[in-house]
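Understanding the architecture of this molecule
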Amino acid sequence: MKKGTLLVLCLFLVVGIGLYALDSEYYARTIYIEKVYPHQLGYKILYTTSKLDIAEAYIPHKWFSQSASKDGKLAKGEIQWGDDPSYPYMMIFWKNGKFSHVRLFLKKNMNDISWGSLNPTQDLTDKFNIEEPSLEF
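Now for a look at the structure at hand. Since we're looking at a predicted model, the values are computed, not measured.

The secondary structure content of the protein chain amounts to 2 helices and 6 strands. Reading the secondary structure of the protein chain in the N-to-C direction produces α-β-β-β-β-β-β-α. Considering only contacts within the protein chain whose residues lie at least 6 apart along the sequence, 58% involve residues at least 24 apart. When the accessible surface of the protein chain is summed, it comes to about 9,900 Å², and 56% of that surface belongs to carbon and sulfur atoms.

Following this line, the structure appears as structure tokens:
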């Protein structure tokens, strides 16, 4: 009797998980950040790839606009400020295989070791003039 009840319970659990895990149009990837460099045009992000190499990404400030754009799309970027030990990291979202948006989870204390500084005379206009991030995994 107990084995039968346990078997039925396991069956419902497997079927329930299968129904809950339907395909989503979104795909997300979490990327751990080594260093964040604020700039007047955005954030330069150094992150670790799956091969344990350091790569860089540029995230423009214009992506963090709170209002919707003219075509009704939401902002391409969000920032969550905090002190969580898991910070800093970022989540990149794709919708139906195309870049959708990025969420940055950053330390609110800019004196934290995760923050750096860039040479203010360095021209990074071309690096921040992008429509989606160029990432290495």
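That shown, we press on.
Looking now at the nonpolar core. A general feature of soluble globular proteins is that nonpolar side chains tend to end up buried together. I45, M90, I92 and L104 are the most contacted members of the largest nonpolar core, which totals 21 residues. Counting residues per element, this core draws most heavily on strand β6 (residues 98-107), which supplies 4 residues. With residues near it in sequence (within four places) discarded, M90 still touches R29, T30, I31, I33, I45, Y47, V102, R103, L104 and L135. Counting residues in hydrophobic clusters, the runner-up holds 6 residues, among them Y37, Y58, L124 and F128.

Cis geometry is found at the peptide bond from Y87 to P88, where omega equals 0 degrees. Secondary-structure assignment places P88 in the loop between β4 (77-82) and β5 (89-95). Not every positive phi belongs to a glycine, and L52 is a case in point at roughly 65 degrees. Locating L52 in the fold gives a position in the loop between β2 (42-48) and β3 (54-60). The exposed category is assigned to L52, whose relative accessible area is 70%. Positive phi outside glycine occurs at N96, with the angle close to 50 degrees. Within the secondary structure, N96 is located in the loop between β5 and β6. For N96, a relative accessible area of 56% translates into the label exposed.

Here we take up the environment of P85. Looking at where P85 falls in the secondary structure, it is placed in the loop between β4 and β5. Through-space distance from the C-alpha of P85 to that of K107 is 8.9 Å; in sequence the pair is 22 residues apart.

In this section: the packing of aromatic side chains. With the rule as written, the count across this model stands at 11 aromatic pairs. Site record: aromatic cluster; members linked through ring pairs are Y32, Y87, Y89 and F105. K44 extends its terminal NZ or CZ atom over the ring of Y37, reaching a point 5.7 Å from the ring centre.

As a further point, take the pairing of β2. With 6 of 7 residues buried, β2 is to be regarded as a mostly interior element. In the sheet, strand β1 (residues 26-39) pairs with β2 via 6 bridges, with the strands oriented antiparallel. Counted as the bridge partner of K35 is L46 from β2. Between β1 and β2, which pair antiparallel in sequence order, lie 2 residues.

Calculation rules
- Residues numbered from 1 in each chain as written.
- Predicted model: local features only at pLDDT ≥ 70, side-chain atom pairs only at ≥ 80, totals over all residues.
- Heavy atoms only, no water.
- Helix = DSSP H or I, 4+ residues; strand = E, 2+ residues; numbered from the N terminus.
- Contact = heavy atoms within 4.5 Å.
- Areas by Shrake-Rupley, 256 points an atom, 1.4 Å probe, with all protein chains shown as cover.
- Core = buried A, V, L, I, M, F, W, Y, C linked by side-chain atoms within 4.5 Å.
- Buried < 20%, exposed > 50% of the residue type's maximum accessible area, 1.4 Å probe, protein only.
- Phe/Tyr/Trp six-rings, centres within 6.5 Å; stacked < 30°, edge-to-face > 60°.
- Lys NZ or Arg CZ within 6 Å of the ring centre and 35° of its normal.
- Pairing = 2+ DSSP bridges.

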